[in-house]
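Overview (structure and organization)
These are the residues of each chain, in order.
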Amino acid sequence: MLRVLNAYRRAQGRPPVKAQKRLRQAAMAHARAMAVKGFFSHDSANGESFDARVRRYYRVTRFRSWRVGENLLWSSGSLSGKRAIALWRDSPGHRRNMLDAGWRSVGVAVVRMRSARGVFRGFDVTIAVTDFGTRS
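Residues numbered from 1 in each chain as written. Predicted model: local features only at pLDDT ≥ 70, side-chain atom pairs only at ≥ 80, totals over all residues. Heavy atoms only, no water.

Examined bridge by bridge, strand β1 (residues 18-19) and strand β3 (residues 105-113) share two bridges and lie parallel to one another. In the strand pairing of β3, A19 is matched with V106. One ladder, built from nine bridges, connects β3 with strand β4 (residues 125-135); its direction is antiparallel. Residue pairing in the sheet places V108 in a bridge with T130 of β4. (Pairing = 2+ DSSP bridges. Helix = DSSP H or I, 4+ residues; strand = E, 2+ residues; numbered from the N terminus.)

Here you go:
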């Protein structure tokens, strides 16, 4: 997915983003939580806001500025990186997020869950999360 994302960014004249371990951990934790608990939201199941959740992984200390963004997607069955980027590209808000020239780092997570409960209504689902960030 990162390769496809960066190809899209380059084609649009944006710099590539680099994989960042802590953002990937934030994305993976959120994707797993959504899959297991059956919810789909930028906020955590306990109501914690997106930025507070990501801040636990992608720390602010030692930096003057900090900014994060997130794209979420779920699909019944499997989901390729190419298809995920295409779906986000077709959504104005998600496209804006992917093409933000200020992003320097990204964490990508994809989780598959069989018979997912809650909002997924028992479907086999694939959940994709990209957490974008920049610190300076």
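Next up on the list: the sheet that holds β4. Strands sit in the order β1-β3-β4-β2 across an open sheet of four strands; the sheet is mixed. Of all strands in the sheet, those with a lone pairing partner are β1 and β2 (66-76), marking the two edges. Sheet strands in contact with helix α2 (residues 21-37) are β1, β2, β3 and β4, and its direction is about 25° off that of β3. Packed on one face of the sheet, helix α4 (residues 81-89) meets β2 and β4 and runs near 115° to β2. (Contact = heavy atoms within 4.5 Å. Axes fitted to C-alpha atoms, helices over the stretch in contact; angles between N-to-C directions.)

What the rule picks out here adds up to three aromatic pairs. With a centroid separation of 5.7 Å and 20° between ring planes, the pair formed by W103 and F132 is classed as stacked. Linking W103 in the loop between α5 (92-99) and β3 with F132 in strand β4, this pair joins segments that are 29 residues apart in sequence. For F132, a relative accessible area of 1% corresponds to the buried category. (Phe/Tyr/Trp six-rings, centres within 6.5 Å; stacked < 30°, edge-to-face > 60°. Buried < 20%, exposed > 50% of the residue type's maximum accessible area, 1.4 Å probe, protein only.)

Within helix α1 (residues 2-11), burial applies to V4, L5, N6, Y8 and R9. On its buried face, α1 is in contact with α4, α5, β3 and β4. Immediately beyond the C-terminal end of α1, within one or two residues, lies G13, with a positive phi of roughly 75°.

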